[in-house]
Amino acid sequence: MSAPKTLRILVLPGDHVGPEIMAEALKVLDVVEQSRPDLRFQRDTDLVGGCSIDKHGVPVTDVVLEKALDSDAVLFGSIGGPEWAGAQPTPESGLLELRRKLNAFANLRPCEILVPSLVGASPIRPELVAGTKFIVVRENCGGAYFGEKREETDQASDLWVYSRSEVERLAQVSAAVARMLHASIAGGGDKSPKPVVWSADKANVLASGRLWRRATSDIFQREIPDVELRHQLADSMAMLMVKNPRQFNHSAIHTDNTFGDILSDISGGITGTLGVLPSASLAGVPGDGSCKGIYEPVHGSAPDISGKGLANPVAQILSVAMMLRYSFLLEEEAAAIEQAVIKVLDSKDNGGLAIRTGDLGGKARCSEQLGLPIPSSIEPLKVFAAYHSIYLLRYEGEPATKIPARKDADGSVTLFLRVSGRHLPRIKTENEVGVMTWVRQNTSIPVPAVVRFSADTDNAIGHEFTLLERVPGTSVHNIYDTLSDDDKRKLVEPLVAFLLELHSKPWPRGLVGGLKMEDGAITPGPPIEETFWQVPDIEKYWPGASVESLNPLLGGPFDGYTSYSTAALRCYIHAIETHPSLERFRTMVPQLSRFVVAINSEQYKSKLDNAKYILAHKDLHFGNIMCDPADPNLPITAVLDWEFSGVVPATRWNPVRAFLWNGKRDTQSKEEHTKMERLFETVCAEKGVLSLLEDVKPTSLQESMQTAVNHIRAIVEVCPRGQAQDKIGYTGLSDSVQGKIGYSSSNS
């Protein structure tokens, strides 16, 4: 295998937000390098601008200029700031000196509505500007800006000089850019037969303009016959760019320094999104030998938001794409970066993630990612989970040393990225992270460490996520059929110990709910149940309803068993009163309301609340238990999936009877489940911890209340879905309410 090709890049982050946005751009370059093992980007970082003035007294040193000459490209940040006001030379002069040293004569400024949903940022009507894509190619080292200057009190002049060779070399760049733009168009009616270059000048009034037109025409006729040349007066060009920018689509605008300065600023105004505009200054013709370039964002150093993480890094990232395209001819990689930017910035209606910084109307920060090195590989896993998808992120070598998680035998690190659906926004992720953190801090139960998490969608992934360390072992569910009776006992015994730990740390009676993290501290949160109405079903069956209106969340956590049951019943009453499928049950609402009053009465509330309150997993089937089958003792290596856990009366520790279930529903498995429950009772007795069994037994009063709540919940759960309506009637509902806790309608 041949050695990878080395491409040398001089990285000059600059001042204020420059280093922040450069750091994000270099992460993108890391990904490109990982995808191309035949390439190596050798980077050398140094100072330029105000930071160079502070250290060296000049905005750019001779050493840096020589480094630039020895590099294949320069990735430039942003320079300047108020602290260098009045400095001579200025920070900005460092960039001019760099361009002069490299002879970077061709400045490229794309004008493109890259992200469709950002078209509204343009001051031009969307129907005129949507889909705009062209590039202004500006001569960068000649003309009036560099000509002889005379300045007196009442008279001044700038010599506007161009040579034929200066015009011709820019024409070659303009033609190369036009070819690239033309090649990027998919076939169709918008594709002209040949690439197009528009040349903008003032040949009607300026001698330099007439030379510009002659020299441009001559070289196109002589050396560039494959590209169509069109001439336009520069002032007319400015008007047409604003009036109908799409008429220049997939073409290059070829113009001098002065007019290029004006037209490139107009092109930036057309898009209305300065924070996403890159630029390039080339010292050669792309595709024709060496093409050194300086690649930089159009925007300034933004000292007002420096260090706050608010800067938009997209222009710097797109500058990397331009570097790959023009200096290194890596068109596929450049296009991939641009597509990734579109994906991140575009609206969710367009299939994007809508992750935007404040300048684009969003809340994202400059470094919106997992705060970790780029993984060596990402592998999606097939999982049978209704609430999330899972990816394996693997880190190898030096990046693995930076991951705060357990290391594999070879020193690598593998993390589980759980990307959540929008079933119960915020609540589920917050609860799982809060509970897992508490369990790790307060028990010996093996729980994966939470490396990163986000309980909202305003992040780099665009979804709620939890990043967990990978734990060793395999799911008991996967090997259950191979286990002997002795093996099953080896699993049950540590589970008894784990449950005993949870029971030995009772919670105050004033809490029924979940947990969450706030500013690094574990705090009480709302309750969460797997039976809650969730967003997809609400949208399908309950138009206009919400997670909060259909589930007992508001007011949570609750101060006891009765308060939580009351909140649930009030949600169910609301559902009966509003959903058409529940209309026939509305005559029961007064009776249900009286039932709520009764359970909250002085006679019953304290008795109903009298229970031990514990943290319960509530879904502890064998699919959520990991063990090490290679060890004869079958040690449990992890207990997973705590999203529906919470603090509950101990009588509600296993609401769906998932504990010790092998995940199958056939008759034999049901019998096996019962057998395992008996084994659990036997182990509790042998270990002298029958208190575990006593804690979870409800009183007859509590059982009656829960039976009523369960029955009403079942009605509200199945009827709107059109399920089993023929099996639920007035009699069942009446029987579930009347006589419970010694109450009937006659008590009214």
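Residues numbered from 1 in each chain as written. Predicted model: local features only at pLDDT ≥ 70, side-chain atom pairs only at ≥ 80, totals over all residues. Heavy atoms only, no water.

Per an unreviewed UniProt entry, the chain goes by the name 3-isopropylmalate dehydrogenase and belongs to Coniochaeta pulveracea. Per its UniProt entry, the chain bears the Sequence similarities (unreviewed entry) comment "Belongs to the isocitrate and isopropylmalate dehydrogenases family." Annotation of the chain in UniProt includes, under Subunit (unreviewed entry), the sentence "Homodimer." (UniProt positions renumbered as here; feature names shortened; annotations may be inferred.)

Caption draft 1: Inspection of the overall build of the chain at higher detail. For the chain, the count of helices and strands is 23 helices and 24 strands. At 34 Å, the chain has a C-alpha radius of gyration far larger than the 27 Å of a compact globule built from 748 residues. Dimensions of the chain, computed from the C-alpha atoms along their principal axes, are close to 105 × 60 × 50 Å. Residues classed as buried in the chain amount to 52% of the 748 residues present. As displayed, the chain offers around 32800 Å² of accessible surface, 52% of which is attributable to carbon and sulfur atoms. (Helix = DSSP H or I, 4+ residues; strand = E, 2+ residues; numbered from the N terminus. Rg over C-alpha atoms; globule rule 2.2 N^0.38 Å. Buried < 20%, exposed > 50% of the residue type's maximum accessible area, 1.4 Å probe, protein only. Areas by Shrake-Rupley, 256 points an atom, 1.4 Å probe, with all protein chains shown as cover.)

Caption draft 2: Quick peek at helix H3 (residues 62–70). Those residues of H3 lying buried are Val 64, Leu 65 and Ala 68. On an axial view of H3, the arc spanned by its buried residues comes to 100°, and they lie on one face. Among the exposed residues of H3, those pointing more than 90 degrees away from its buried face are Asp 62 and Val 63. Residues of H3 that are buried sit in contact with strand E1 (5–14), strand E3 (73–78) and helix H4 (92–102). (Arc of directions from axis to C-beta. Contact = heavy atoms within 4.5 Å.)

Caption draft 3: Spotlight on the packing of helix H17 (residues 561–578) against helix H22 (residues 700–718). Across the interface, H17 lies against H22 with an axial gap of 10 Å and an inter-helix angle of 25°. Taken as axis vectors, H17 and H22 run roughly parallel relative to one another. Relative to H22, H17 is oriented so that their crossing is left-handed. Facing Tyr 561, Ser 565, Leu 569, Tyr 572, Ala 575 and Ile 576 of H17, the residues of H22 in contact are Gln 702, Met 705, Gln 706, Val 709, Ile 712, Arg 713 and Val 716. (Axes fitted to C-alpha atoms, helices over the stretch in contact; angles between N-to-C directions. Parallel < 35°, antiparallel > 145°, perpendicular 65-115°, else oblique. Left-handed = near helix turned anticlockwise from the far one by under 90°.)

Caption draft 4: Broad picture of the packing of aromatic side chains. Using the criterion set out here, one finds 13 aromatic pairs in the structure. The structure contains a cluster of three or more aromatic residues connected by ring pairs, namely Phe 134, Trp 198 and Phe 248. (Phe/Tyr/Trp six-rings, centres within 6.5 Å; stacked < 30°, edge-to-face > 60°.)

Caption draft 5: Spatial organisation of the packing of helix H8 (residues 234–243) against helix H9 (residues 257–271). Axis separation between H8 and H9 bottoms out at 10 Å; the angle between their running directions is 5°. Looking at the two axes, H8 sits roughly parallel to H9. Here H8 contributes Ala 234, Met 237, Ala 238, Met 241 and Val 242 to the contact with H9, which in turn contributes Phe 259, Leu 263, Ile 266, Ser 267 and Ile 270. Per-class residue counts for the contact of H8 with H9 are 9 nonpolar, 1 polar and no charged. (Nonpolar A, V, L, I, M, F, W, Y, C, P; charged D, E, K, R; others polar.)

Caption draft 6: Geometry of the sheet that holds E1. The strand order across the open sheet built from 10 strands is E2-E1-E3-E12-E11-E4-E5-E10-E8-E9, with neighbouring strands paired in mixed fashion. Each edge of the sheet is formed by a strand with only one pairing partner; in this case those strands are strand E2 (39–45) and strand E9 (228–233). The average undirected angle you get between the axes of adjacent strands in this sheet is 25°. Here strand E4 (residues 106–112) pairs with strand E11 (residues 278–282) via 3 bridges, running antiparallel. Within the sheet, the bridge partner assigned to Leu 108 lies in E11 and is Ala 280. Of the strands in this sheet, E1, E2, E3 and strand E12 (293–297) are in contact with helix H1 (residues 18–35), which crosses E2 at around 160°. (Pairing = 2+ DSSP bridges.)

Caption draft 7: Just the state of the cysteines, in detail. What the rule picks out here adds up to 0 disulfides. Considering cysteine sulfurs only, Cys 571 is the nearest to Cys 719, which forms no disulfide, with 17 Å between them. (Disulfide = S-S within 2.5 Å.)

Caption draft 8: Representation of the nonpolar core. Within the largest apolar cluster, 90 residues are counted, with the highest numbers of intra-cluster contacts made by Leu 495, Leu 582, Leu 615 and Phe 680. With 10 residues, H17 is the single largest residue contributor to this core. When neighbours within four sequence positions are excluded, Leu 582 is seen to be in contact with Trp 542, Ala 575, Ile 576, Ile 715, Val 716, Cys 719 and Pro 720. Listed in part, the 63 residues of the second largest apolar core include Leu 26, Val 115, Tyr 162 and Val 320. (Core = buried A, V, L, I, M, F, W, Y, C linked by side-chain atoms within 4.5 Å.)

Caption draft 9: Quick look at the confidence of the model for the chain. The share of residues in the chain with pLDDT of 70 or more is 94%, and the mean pLDDT across the chain is 89. Every residue in residues 729–738 is under pLDDT 50, and counting partners more than four places away or in other chains gives 26 contacts. The low-confidence segment residues 740–748 (pLDDT under 50) makes 23 contacts with residues lying over four places distant or belonging to another chain. (pLDDT = per-residue confidence, 0-100.)

Caption draft 10: Spatial organisation of the environment of Asp 359. Relative to the helices and strands, Asp 359 is located in the loop between helix H11 (331–345) and strand E13 (377–381). Here the alpha-carbon distance between Asp 359 and Leu 310, two residues 49 residues apart in the chain, equals 8.8 Å. Beyond its immediate stretch of four places on either side in the chain, Asp 359 contacts Gly 275 and Asn 312. A polar side-chain atom of Asp 359 sits 3.1 Å from a polar atom in the side chain of Asn 312. Side chain to side chain, Asp 359 and Thr 357 meet in a polar contact 2.5 Å long. (Polar contact = N/O pair within 3.5 Å; in protein donor to acceptor, adjacent residues only side chain to side chain.)

Caption draft 11: Representation of the environment of Thr 674. On the secondary structure map, Thr 674 appears in helix H20 (residues 667–686). With relative accessibility at 33%, the residue Thr 674 sits in the partly exposed group. The sequence separation of Thr 674 and Trp 661 amounts to 13 residues, and the corresponding C-alpha distance is 8.8 Å.

Caption draft 12: Highlighting the domain arrangement of the chain. Taken domain by domain, the chain holds domain 1 (1–122 + 272–367), domain 2 (145–270) and domain 3 (369–470). One C-alpha centre belongs to domain 1, the other to domain 3; they are set 31 Å apart. Contact with domain 1, which involves 11 residues of that partner, is made by 10 residues of domain 3. Its largest share of buried area at the contact with domain 3, domain 1 owes to Gln 34, Leu 353 and Ile 355, together 44% of the area lost on that side. Across the domain 1-domain 3 interface, the total number found is 0 salt bridges. Taken together, the connections running from domain 1 to domain 3 amount to 0 residue pairs in polar contact (both at pLDDT 80 or more). When its residues are assigned to classes, the side of domain 1 that touches domain 3 shows 4 nonpolar, 2 polar and 5 charged. (Domains from an automatic or database assignment. Buried area = accessible area lost by both parts, 1.4 Å probe. Salt bridge = Lys/Arg side-chain N within 4 Å of Asp/Glu carboxyl O.)

Caption draft 13: Just helix H14 (residues 485–503), in detail. In this model, H14 (19 residues) spans 27 Å end to end at C-alpha, consistent with the 27 Å of a helix rising 1.5 Å per residue. Listed as buried for H14 are Asp 487, Lys 488, Leu 491, Val 492, Leu 495, Val 496, Phe 498, Leu 499, Glu 501, Leu 502 and His 503. (Expected span 1.5 Å × (residues − 1).)

Caption draft 14: Local environment of unusual backbone geometry. Cis geometry is adopted by the peptide bond preceding Pro 89, which originates at Gln 88 and carries an omega value of 0°. Secondary-structure assignment places Pro 89 in the loop between E3 and H4. Even without being a glycine, Lys 618 presents a positive backbone phi close to 75°. The exposure class of Lys 618 is buried, given its relative accessible area of 7%. A positive phi angle is found at Asp 641, which is not glycine, with a value near 55°.

Caption draft 15: Summary view of the sheet that holds strand E23 (residues 636–639). Spatial strand order, E18-E22-E23: 3 strands in an open sheet with antiparallel pairing. Each having just a single partner strand, strand E18 (474–475) and E23 make up the two edges of the open sheet. Taken together, the 3 bridges between strand E22 (residues 625–627) and E23 define a ladder with antiparallel strand orientation. Residue pairing in the sheet places Met 626 in a bridge with Ala 638 of E23. Lying over the sheet, H14 contacts E22 and E23, oriented at roughly 50° with respect to E23.

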